[in-house]
Amino acid sequence: MGLGQNSSVRVEWIAAISVAAGAAVVGYLAYRFLSKDKCTKAMVNPHIQKDNPKVVHAFDMEDLGDKAVYCRCWRSKKFPLCDGSHTKHNEETGDNVGPLIIKRKEA
């Protein structure tokens, strides 16, 4: 129970703290790397008017007719109108997005 035992315990603690700090740094860096990757994959609009800073479509209510069906999944080949692409998107991702349907109110 002398001086040699105290320094041995101290060396073990220093080694344990070094390993824990190293593991924390590696875990943090892995988290940062993986979370950046997920952010880029979560982009909603994959290909529609990417040269514009914001995609906006405006329609007059009188021009809609009795019913209009608009895309909300950004996968439609007829964007901004829905072509049913959300069905495949939902199956692949587990999402539940559907179209925006606007109907004329019956009087």
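Structure shown above.
This write-up is about the structure you can find in this document. (Residues numbered from 1 in each chain as written. Predicted model: local features only at pLDDT ≥ 70, side-chain atom pairs only at ≥ 80, totals over all residues. Heavy atoms only, no water.)

**Digging into the environment of Ser-85**
Worth spelling out the cut-off: What counts as a helix is a DSSP run of H or I of at least four residues, what counts as a strand is a run of E of at least two, and both are numbered from the N terminus. Under the scheme applied here, a residue whose accessible area is under 20% of the maximum for its type counts as buried, over 50% as exposed, and between as partly exposed, the area being computed with a 1.4 Å probe on protein chains only. A contact between two residues is defined here by any heavy atoms of the two lying within 4.5 Å.
As for its position among the elements, Ser-85 is in helix 2 (residues 85-93). Residue classification places Ser-85 among the buried positions, given a relative accessible area of 19%. Separated by 10 residues in the primary sequence, Ser-85 and Arg-75 have C-alpha atoms spaced 5.8 Å apart. Contact partners of Ser-85, with chain neighbours within four places excluded, come to Cys-73, Arg-75, Ser-76 and Lys-77.

**What to know about a nonpolar patch on the surface**
The test is simple: Like-charged residues within 9 Å of one another, or nonpolar side chains (Val, Leu, Ile, Met, Phe, Trp, Tyr) within 5 Å, are grouped into patches, provided each residue has over 30% relative accessible area and no salt bridge. Every accessible area reported is derived by Shrake-Rupley at a probe size of 1.4 Å, with residue values counting cover from the shown protein chains alone. By definition, a salt bridge exists where a carboxyl oxygen of Asp or Glu is found within 4 Å of a side-chain nitrogen of Lys or Arg.
There is a patch of nonpolar side chains on the surface, built from Val-25, Tyr-28, Leu-29 and Tyr-31 and spanning about 460 Å² of accessible area. Here Val-25 is to be found in helix 1 (residues 3-41). Its relative accessible area of 48% is what places Val-25 among the partly exposed residues.

**Remarks on the side chain of Ser-76**
Counted only if it meets this: Polar contacts, as used here, are pairs of N or O atoms within 3.5 Å; protein pairs need one atom able to donate a hydrogen and one able to accept it. Residues neighboring in sequence count only if both atoms are side-chain atoms.
Mapped onto the elements of the fold, Ser-76 is located in the loop between strand 1 (67-70) and helix 2. Side-chain polar atoms of Ser-76 contact the backbone nitrogen of Lys-78, separated by 3.0 Å. Apart from residues lying up to four places away in sequence, Ser-76 is in contact with His-47, Ile-48, Cys-71, Leu-81, Cys-82, Asp-83 and Ser-85.

**Some words on the nonpolar core**
As a reminder of what qualifies: To define a nonpolar core, start from buried Ala, Val, Leu, Ile, Met, Phe, Trp, Tyr and Cys residues and group those joined through side-chain atoms within 4.5 Å.
Ranked by size, the top nonpolar core spans six residues in total: Ile-48, Cys-71, Cys-73, Trp-74, Phe-79 and Val-97. For Trp-74, the residues in contact, after removing those within four places along its chain, are Val-44, Asn-45, Pro-46, His-47, Ile-48, Val-55 and Phe-79.

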